[in-house]
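Residue strings, one per chain:
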Amino acid sequence: MLSIMDGGRGGARSRRKARMLQFVTLVFAVFLVFLGEFVVGQSSTYVRPPKAPAKSYAVEKLLQERKSLTACTDPDQMHVSLAGPGQMKVTWVTSSAVPATVQYGTTSGHYTNIASGVTKHYLFILYESGLIHDVILGPLNPSTTYFYKCGGFGAEFNFTTPPPSGPNVPIKFAVVGDLGQTDWTATTLEHLAAYDYDVLLFPGDLSYADTWQPLWDSFGQMMSPYANYRPWMVTEGNHEIEDIPLLVESFLSYNTRWEMPYNESGSSSNLYYSFEVAGVHILMLGSYADFDTNSTQFKWLQADLEKVDRTKTPWLIAVLHAPWYNSNTAHQGEGDAMMAAMESTLYAAKVDIMFAGHVHAYERAERAYLKKPDPCGILYITIGDGGNREGLAGTWLDPQPVWSVFRESSFGHGELEIFNATHAYWSWNRNQDAMPVMADDVWITSLSAAQSGCLSKSTTGMNIR
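The rules we used
Here the residue numbering is sequential within each chain, running from 1 through the sequence in written order. Local features in a predicted model are, by the rule used here, given only for residues with pLDDT of at least 70; side-chain atom pairs are given and counted only at 80 or more, and totals for whole chains, interfaces and linings are based on all residues. For side-chain calculations, the full set of non-hydrogen atoms in the structure is used, while hydrogens and water are omitted. Numbered from the N terminus, helices here are DSSP runs of H or I no shorter than four residues, and strands are runs of E no shorter than two. A 1.4 Å probe and the Shrake-Rupley method give the accessible areas. Residues count as covered only by the protein chains that appear here. A simple rule labels every residue: compare its accessible area, found with a 1.4 Å probe on the protein chains alone, to the largest value its type can have, and call it buried under 20%, exposed over 50%, or partly exposed in between. Contacts described as polar in this section are N or O atom pairs within 3.5 Å, which, within protein, must combine one atom able to donate a hydrogen with one able to accept it, while residues neighboring in sequence count only if both atoms come from side chains. We call Phe, Tyr and Trp rings a pair once their centres come within 6.5 Å, taking the six-membered ring for Trp, and we label the pair stacked below 30 degrees between planes, edge-to-face above 60, and tilted otherwise. By this definition, two strands are paired if DSSP reports at least two bridges between them. To obtain an axis, a line is fitted to C-alpha atoms, over the contacting stretch when the element is a helix, and the angle between two such axes runs from 0 to 180 degrees between their N-to-C directions.

**Quick word on the overall build of the protein**
- When you go through the protein residue by residue, the secondary structure sums to seven helices and 25 strands.
- When the accessible surface of the protein is split by element, carbon and sulfur atoms take 58% of a total near 20,000 Å².

Here it is in structure tokens:
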């Protein structure tokens, strides 16, 4: 009996050891998966099926139909943008003269306010633009829908203002770059419309007009149904340069059609500026303006960062065109000079996220600094995949750099939802058939949060406030 009982205890011990071994094996396997995903990084194996050619007959047909339904005094090519605290700018184009006025109110058909603005146009060799009207509305209440009518003609439209200021105020951003005017563009815009965002961030390359000015008009018509009810905040890309020596100055079309609130942020150029919304301070930087340490842009950036108060705007985001961290063979090194001039300054300021375009693919990096993973560095995201005519950038460097987490050559858009002062959720959604498909996501902790461990003085001597 005793020997039987001893044998029972031995069997129990053996079973306990076996269960412990299974548990340890499981934990180790999970660790390997975690290590593979976040240290080694992933290159997506997704292969996009062929679709329509870049020159879209369907898009051209749609634009012609819109044009035939628009009277010469009706508002066309509309978009709204933030214009300072409690203000929105309405921009539209007409082919005949109308007053640069906007009637608006919080009830459809009942306009209690009227604002006046400016009308401008430009010449581009033999092309003459329509009449471009800019009118700033305000003061406006946050999180409020306003109904408005432009110039006294045409239909009524409406927009919704962003949430109020405050460090813990939730806000949603849509992010898209390098749009162009293809069927892929149309799909991206449809997917964006399904996302109930507050503000759209656009890191450059809008129309792909490349000096052929009618493409600015067709781009304005194409995006108008999506940009006339939520603010679009843009910065320039290389396709906006459009300079013709001795004949046309750089960025003429872009600066005239898409004037952003640069004066309000102390900038002297529409190519770089900043703005604040909810609990976020956003730097819209110019990859194609001078950026060395003696430049006007760099001095403006230093002055702007001095004004940032992370107790009021705990999130700090930068947007530019040419990416600093890029493991695609396309446009390799084109952001290096700007990175050399500015990365240490943005690192010291504890910038949370940087969005870039230019490369026609998606890539998310670790938080990094000096091309090495750094828990107190910037989280770099390349999202130049809106749907442009040049197609996708499909070749990646091998091996994948240690800072690169996920990369895929596919069109799509991004969604950034900031929940409070410390946490945000990012997802990237590829265009696949009729529905967007979430292909990459990550939770982000702000570097201004105590739990980030990044509140001490940085190597460059600047303090986070």
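Picking up where we left off.
**Structural notes on the side chain of Thr161**
- Note on placement: Thr161 falls in the loop between β11 (157-160) and β12 (171-175).
- The exposure class assigned to Thr161 is buried, which follows from its relative accessible area of 5%.
- One polar contact links the side chain of Thr161 to the main-chain amide nitrogen of Ser143, over a distance of 3.0 Å.

**A few points about the packing of aromatic side chains**
- Under the defined criterion, the tally for this structure stands at 20 aromatic pairs.
- Measuring from centroid to centroid gives 3.8 Å for Tyr347 and Tyr369, while their planes differ by 10 degrees, and the two rings are stacked. Residue Tyr347 is located in helix α7 (residues 336-348), and its partner Tyr369 is located in strand β19 (residues 362-369); the two are separated by 22 residues in the primary sequence.
- Judged by its relative accessible area of 9%, Tyr347 is buried.
- On the basis of relative accessibility, which here comes to 13%, the residue Tyr369 falls in the buried class.

**A word on the sheet that holds strand β2 (residues 76-82)**
- With antiparallel pairing, four strands are arranged side by side in an open sheet as β2-β3-β9-β6. Both outer strands of the open sheet, β2 and β6 (118-120), are each paired with one neighbouring strand and no more. Taking the axes of each pair of neighbouring strands and ignoring which way they run, one obtains an average angle of 20 degrees across the sheet.
- Looking at chain direction, β2 and strand β3 (residues 88-94) are connected through five bridges and run antiparallel. Bridge assignment links His79 to a residue of β3, and that residue is Thr91.

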